[in-house]
Amino acid sequence: LSLPAGLLPPWSAGLAPTDADLSFRVSGFDLAAPATLLIGAFDLEKPNLIDPAMGEFLLSALLPKGTVEVTLLPGRVASGLYELQFQGSMTAGEMVPPTGSAWIALRGMEQVLAALSAAPAEVKDEAVLALLLIKGLANAEADDNFVWRIDSPVSGQVLINGFDVTELFGGR
């Protein structure tokens, strides 16, 4: 990746990604079925072109199994200072609680924190505090590598490396 000169403030140049790979997959849904229902129900002679009661049928047609699965395929974002790798998946539906898991690894946390020291105070103070909180939830590994295993086994609960962060972020 390359950004035009002058787009970012000079202090942030090393933080801008130079390489990225982001792919995802969505499965368990059917776009054709609700489209067919909508086309079949469309009536120009009625004040409501489509009967408002169709909503529940449209959702059932869209999610024939009741859920959709979103998968974030293994990917990465990197610059000369850091490399962030990630992958995960989530299953959600109208009648079932969302569940899922993710894995995130960051190499270069200390370099990112050092680069932020040159930022203006209003940026630096918030960004450094947030990164230190995130760092505190990580499993530290060798060579400035940090790993987060995120699990949401039941509705509303979020575990990061086994620690329940639900209440920290106003959940439940």
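What comes next concerns the included structure. (Residues numbered from 1 in each chain as written. Predicted model: local features only at pLDDT ≥ 70, side-chain atom pairs only at ≥ 80, totals over all residues. Heavy atoms only, no water.)

1. Considering the packing of helix α3 (residues 109-116) against helix α4 (residues 121-136)
Thinking step 1. Between α3 and α4, the least distance of the axes is 10 Å, while the angle of their chain directions is 165°. On the basis of the axis angle, α3 is roughly antiparallel to α4. Crossing geometry of α3 relative to α4 is assigned as left-handed. In contact with Met109, Glu110, Val112, Leu113 and Leu116 of α3, α4 contributes Lys124, Ala127, Val128, Leu131, Leu132 and Lys135.
Thinking step 2. Counted by class, the contact of α3 with α4 contains 8 nonpolar, no polar and 3 charged residues. (Axes fitted to C-alpha atoms, helices over the stretch in contact; angles between N-to-C directions. Helix = DSSP H or I, 4+ residues; strand = E, 2+ residues; numbered from the N terminus. Parallel < 35°, antiparallel > 145°, perpendicular 65-115°, else oblique. Left-handed = near helix turned anticlockwise from the far one by under 90°. Contact = heavy atoms within 4.5 Å. Nonpolar A, V, L, I, M, F, W, Y, C, P; charged D, E, K, R; others polar.)

2. Brief notes about the pairing of strand β7 (residues 145-152)
Thinking step 1. Examined bridge by bridge, strand β5 (residues 99-107) and β7 share 8 bridges and lie antiparallel to one another. Among the inter-strand pairings, tryptophan 103 is bridged to a residue of β7, identified as arginine 149.
Thinking step 2. Hairpin connection of strand β6 (residues 139-141) to β7: 3 residues between the antiparallel strands, including aspartate 143 at a positive phi of 60°.
Thinking step 3. Where β7 and strand β8 (residues 159-160) come together, 2 bridges link them in antiparallel fashion. (Pairing = 2+ DSSP bridges.)

3. Section: the nonpolar core
One recurring pattern in soluble globular proteins is that nonpolar side chains are buried together.
Thinking step 1. Residues Met109, Val112, Leu131 and Trp148 are the most contacted members of the largest nonpolar core, which totals 15 residues.
Thinking step 2. With 5 residues, α3 is the largest single contributor of residues to this core.
Thinking step 3. When near neighbours in sequence (up to four residues on either side) are disregarded, valine 112 contacts Leu15, Tyr82 and Leu131. (Core = buried A, V, L, I, M, F, W, Y, C linked by side-chain atoms within 4.5 Å. Buried < 20%, exposed > 50% of the residue type's maximum accessible area, 1.4 Å probe, protein only.)

4. Observations regarding the pattern of salt bridges
Thinking step 1. The full count for this structure, using the stated rule, is 3 salt bridges.
Thinking step 2. As a salt-bridge pair, aspartate 19 and arginine 76 come within 2.0 Å of each other at their nearest N and O atoms. With a gap of 57 residues between them, aspartate 19 in strand β1 (residues 19-21) and arginine 76 in strand β3 (residues 68-78) connect regions that are remote in the sequence.
Thinking step 3. By relative accessible area, which is 25% here, arginine 76 ends up partly exposed.
Thinking step 4. Of the charged contacts in the structure, one is a salt bridge between lysine 135 and glutamate 110, with a shortest N-O distance of 2.3 Å. Placement of lysine 135 in helix α4 and of glutamate 110 in helix α3 is noted, with a sequence separation of 25 residues between them. (Salt bridge = Lys/Arg side-chain N within 4 Å of Asp/Glu carboxyl O.)

5. Things to note about the side chain of threonine 71
Thinking step 1. Residue position: threonine 71 is located in strand β3.
Thinking step 2. Beyond its immediate sequence surroundings of up to four residues, threonine 71 is in contact with Ser23, Phe24, Arg25, Gly88 and Ser89.

6. Digging into unusual backbone geometry
Thinking step 1. The phi torsion at aspartate 143 lies on the positive side, around 60°, for a residue other than glycine.
Thinking step 2. Checked against the element boundaries, aspartate 143 lands in the loop between β6 and β7.
Thinking step 3. One non-glycine residue, aspartate 144, lies in positive phi territory at about 60°.
Thinking step 4. For aspartate 144, the position within the fold is in the loop between β6 and β7.
Thinking step 5. For aspartate 144, a relative accessible area of 19% translates into the label buried.

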